[in-house]
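Close look at the chain arrangement
In case you want the letters, here they are:
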Amino acid sequence: MTRLMIVIASTRPGRVGLPVGLWFDERARAHGGFDVDLADLAEINLPFMDEPNHPRLQQYTKEHTMQWSARVAQAEAFVFVTPEYNYGLCAPLKNAIDFLHNEWFYKPFGFVSYGGVSAGTRAVQMTKQVLSPLRMFPTFEAVSIPFVTQFIDDEGQVQANEVMDQAADAMLDELARVSDALAPLRSA
Ligand SMILES: Cc1cc2nc3c(=O)[nH]c(=O)nc-3n(C[C@H](O)[C@H](O)[C@H](O)COP(=O)(O)O)c2cc1C
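Here's a quick rundown of the structure. It should be emphasised that the depicted structure is a prediction, and the values quoted were computed from it without experimental measurement.

Description of the nonpolar core
Membership of the largest hydrophobic core comes to 27 residues, with the highest contact counts inside it found for Met5, Trp68, Phe78, Phe80, Leu93 and Trp104. Taken together, the elements giving at least two residues each to this core come down to β1 (2–8), α3 (63–74), β3 (77–82), α4 (91–98), β4 (108–114) and α5 (121–131). With near-sequence residues (within four places) excluded, Met5 lies in contact with Asp37, Ala39, Trp68, Arg71, Val72, Ala75, Ala77, Phe78 and Val79.

Quick look at the structure:
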């Protein structure tokens, strides 16, 4: 089993990110190859980066950083459930990434992105750039959801189409493969 962390990036009240994240969480658990940790950044509630030392030193001074560090260190692969704000990644996700360093190393990641016509893909491209110095590896496979509200029903739940389901499964398969391939680098 690959330890997968699903990160819900949006922290806004009424966010679409929550139902999208819950849909993907269910899909990932049904896959059978993952031990899933759903990390909701609204619940985790990190302040703006408030550590005095560069995170590569791992000299953390705050309880919230130590807890986030332990949780991310446990994970072997990530899926970021992310909107696009002003053509870029949302601030809570950037902040959560910046808090840590070594904990991210040699782990693969994928996206469930959503938005209007662009389906959040500009945020995806920007996030890949941010994660590359952390020695992380993107999957080609991704779930990209355009005009996301059309997939939310009256109960506020995601009703996925076949394209979304197939993309999710393809991304999960690839995350497991790449995570296994990177395991020697993580243990070195
Ligand atoms: C500050 C802000 C900026 C936004 N910028 C974009 C954008 O650049 N591209 C886009 O497709 N949607 C944009 N939107 C619309 C979002 O796609 C939509 O509000 C979505 O529900 C946001 O995700 P969330 O509800 O999980 O926070 C923006 C929304 C907000 C609040």
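Some points on the pattern of salt bridges
Under the counting rule described, the total for this entry stands at 9 salt bridges. Across the salt bridge formed by Glu76 and Arg3, the nearest N and O atoms sit 3.6 Å from each other. Taken together, the residues span a long stretch of sequence, with Glu76 in the loop between α3 and β3 and Arg3 in strand β1 at a distance of 73 residues. You can call Glu76 buried: its relative accessible area is 17%.

Some points on the packing of aromatic side chains
Summed over the entire model, instances satisfying the criterion amount to 9 aromatic pairs. An angle of 55° between the planes, with centres 5.0 Å apart, marks the rings of Phe78 and Trp104 as tilted. Of this pair, Phe78 sits in strand β3 while Trp104 sits in the loop between α4 and β4; the two residues are 26 residues apart in sequence, bridging distant segments of the chain. Centroid distance Phe80 to Phe111: 6.0 Å. Interplanar angle 40°. Geometry classified as tilted. Here Phe111 lies in strand β4 and Phe80 lies in strand β3, a separation of 31 residues in the sequence. You can call Phe111 buried: its relative accessible area is 2%. Feature note: the residues Trp68, Phe78, Phe80, Trp104, Phe109 and Phe111 constitute an aromatic cluster, connected by ring pairs.

Looking at the site of the ligand
Of all residues adjacent to the ligand, which total 14 residues, the nearest are Ser10, Arg12, Val16, Tyr85 and Tyr114. Between the ligand and Glu84, the relevant distance is 2.9 Å, taken from a nitrogen atom to a side-chain nitrogen or oxygen of the residue. Contacts to the ligand include Tyr85, whose side-chain N or O atom sits 2.6 Å from an oxygen atom. Expressed as a share of its isolated accessible area of 610 Å², the protein-covered part of the ligand is 71%.

Notes on the environment of His31
Within the element layout of this structure, His31 appears in helix α1 (residues 17–31). The spacing of His31 and Ala168 is 137 residues in sequence and 9.6 Å in space, taken between C-alpha atoms. Beyond its immediate stretch of four places on either side in the chain, His31 contacts Asp169, Leu172 and Asp173. Within polar-contact distance, the side chain of His31 engages the side chain of Asp173 at 2.7 Å.

Points about helix α6 (residues 162–187)
Note that an α-helix has 3.6 residues per turn; residues three or four places apart therefore point the same way. In a regular helix each residue adds 1.5 Å, so 26 residues correspond to 38 Å; α6 covers 37 Å between its end C-alpha atoms and thus fits that length. Where α6 is concerned, the buried positions are Met164, Ala167, Ala168, Met171, Leu172, Leu175, Ala176, Ser179 and Leu182. Near the N-terminus of α6, the side chain that reaches the backbone nitrogen of Val163, with its oxygen 3.2 Å away, is that of Asn161.

Topic: the pairing of β3
Here β3 lies mainly inside the structure; 6 of its 6 residues are buried. Side-chain alternation along β3 places Ala77, Val79 and Val81 on one buried face and Phe78, Phe80 and Thr82 on a second face that is also buried. Note: β1 against β3, 5 bridges, orientation parallel. Its bridge partner lying in β3, Ile6 is registered against Val79. Note: β3 against β4, 5 bridges, orientation parallel. Each bridged residue has a counterpart across the sheet, and for Phe78 the counterpart in β4 is Phe109. Handedness of the crossover is the feature at issue here: the chain leaves β3, passes through α4, returns alongside β4, and the resulting connection is right-handed.

About the thresholds
- Residues numbered from 1 in each chain as written.
- Predicted model: local features only at pLDDT ≥ 70, side-chain atom pairs only at ≥ 80, totals over all residues.
- Heavy atoms only, no water.
- Core = buried A, V, L, I, M, F, W, Y, C linked by side-chain atoms within 4.5 Å.
- Buried < 20%, exposed > 50% of the residue type's maximum accessible area, 1.4 Å probe, protein only.
- Helix = DSSP H or I, 4+ residues; strand = E, 2+ residues; numbered from the N terminus.
- Contact = heavy atoms within 4.5 Å.
- Salt bridge = Lys/Arg side-chain N within 4 Å of Asp/Glu carboxyl O.
- Phe/Tyr/Trp six-rings, centres within 6.5 Å; stacked < 30°, edge-to-face > 60°.
- Near = heavy atom within 4 Å.
- Polar contact = N/O pair within 3.5 Å; in protein donor to acceptor, adjacent residues only side chain to side chain.
- Areas by Shrake-Rupley, 256 points an atom, 1.4 Å probe, with all protein chains shown as cover.
- Expected span 1.5 Å × (residues − 1).
- Pairing = 2+ DSSP bridges.
- Right-handed = clockwise from strand over helix to strand, strands pointing away.

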